[in-house]
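# Observations on the three-dimensional arrangement
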Amino acid sequence: MAAVKSSVKEEFCNITMTGRICYIFMCIERYLTALYPERDWTPIAKRMWQWTTHWWNESSDIYAVAVPEFILEFEGYEKTNEIAFDGCLSKRDYDEITALFKGITHGDGTDEMCRVLMIPIDFGCICEGTSVKGAGPLVAELIEETEDILKKHDIPFPDKGLLKRFEYDRDKPVGLDEKEPGWGDNENTEDLSIILGHTE
């Protein structure tokens, strides 16, 4: 990836990682609804917004069903459920989500839809086993990539003012037994969703 623009780093430097993944989801929702307004993206949105109410490793598993590369990797429900999802994927979820992707993507990882919906998985991988400081630059690159995709389609960015609630004091000392505040807290953030009917 190319070096990230300083403006993205600056805009998000005092925003928790919870706030940053929320912004990525807000961008993804705008992408889906702008390019494919005739489809009901609620099943995808519901899986995205659970990210902030669960441990992130659980969140990634919940969200993975919404990723074309994973749910379309194998032919048919039985094989997909057994190999890709260890028997935890319901037939209803499989049918509902694969129907959304029909005619848009084959899930081979080479098209834009695959890339857009893989970004949260990349976010989770970047954050795993590191510090906020360590993850920050790579997450900023993901945000810039997401914004570049919106820009390509003349889709307006989400209102960054909505991220104010995720601000934290990055210069405040953290005790040895304290959680690094830059990660953010588990909280219900569905009010930021345009698909789930909360934000315009």
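Structure: see above.
From a predicted model like this one, the values you see are computed outputs, not experimental measurements. (Residues numbered from 1 in each chain as written. Predicted model: local features only at pLDDT ≥ 70, side-chain atom pairs only at ≥ 80, totals over all residues. Heavy atoms only, no water.)

What follows concerns empty space enclosed by the protein. This structure, assessed with the given rule, holds one cavity of 30 Å³ or more. Of the volumes computed, that of the largest cavity is approximately 40 Å³. Lining the largest cavity, in full, are C27, I28, Y31, V116, I119, T146, I149 and L150. Of all the elements in the fold, those that place two or more residues in the lining of the largest cavity are α2 (17–35), α8 (112–127) and α9 (132–152). Looking at the lining of the largest cavity, its residues break down into seven nonpolar, one polar and no charged. (1 Å grid on protein atoms, 1.4 Å probe; cavity = no way out; pocket = protein on both sides within 12 Å on 5 of 7 lines; lining within 4 Å. Points joined across faces, edges and corners; volume = space filled by probe spheres on them. Helix = DSSP H or I, 4+ residues; strand = E, 2+ residues; numbered from the N terminus. Nonpolar A, V, L, I, M, F, W, Y, C, P; charged D, E, K, R; others polar.)

Once that is clear, we can look at the packing of aromatic side chains. Per the stated rule, a full pass over the model turns up 10 aromatic pairs. Taking the centre distance of 6.2 Å and the plane angle of 70° together, the rings of W51 and F123 count as edge-to-face. Here the residue W51 occupies a position in the loop between α3 (42–49) and α4 (56–64), and F123 occupies one in helix α8, the gap between them amounting to 72 residues. Assigned by exposure class, W51 and F123 land together as buried. In this structure an aromatic cluster arises from ring pairing among F25, W49, W51, W56, Y63, F123 and W183. (Phe/Tyr/Trp six-rings, centres within 6.5 Å; stacked < 30°, edge-to-face > 60°. Buried < 20%, exposed > 50% of the residue type's maximum accessible area, 1.4 Å probe, protein only.)

Moving on to helix α6 (residues 77–84). Of all the residues in α6, the buried ones are Y77, T80 and N81. Across the axial projection of α6, the buried residues extend over an arc of 95°, all falling on one side. Of the exposed residues in α6, those oriented more than 90 degrees away from the buried face are E78 and E82. (Arc of directions from axis to C-beta.)

All we've got here are geometric facts, nothing functional implied.
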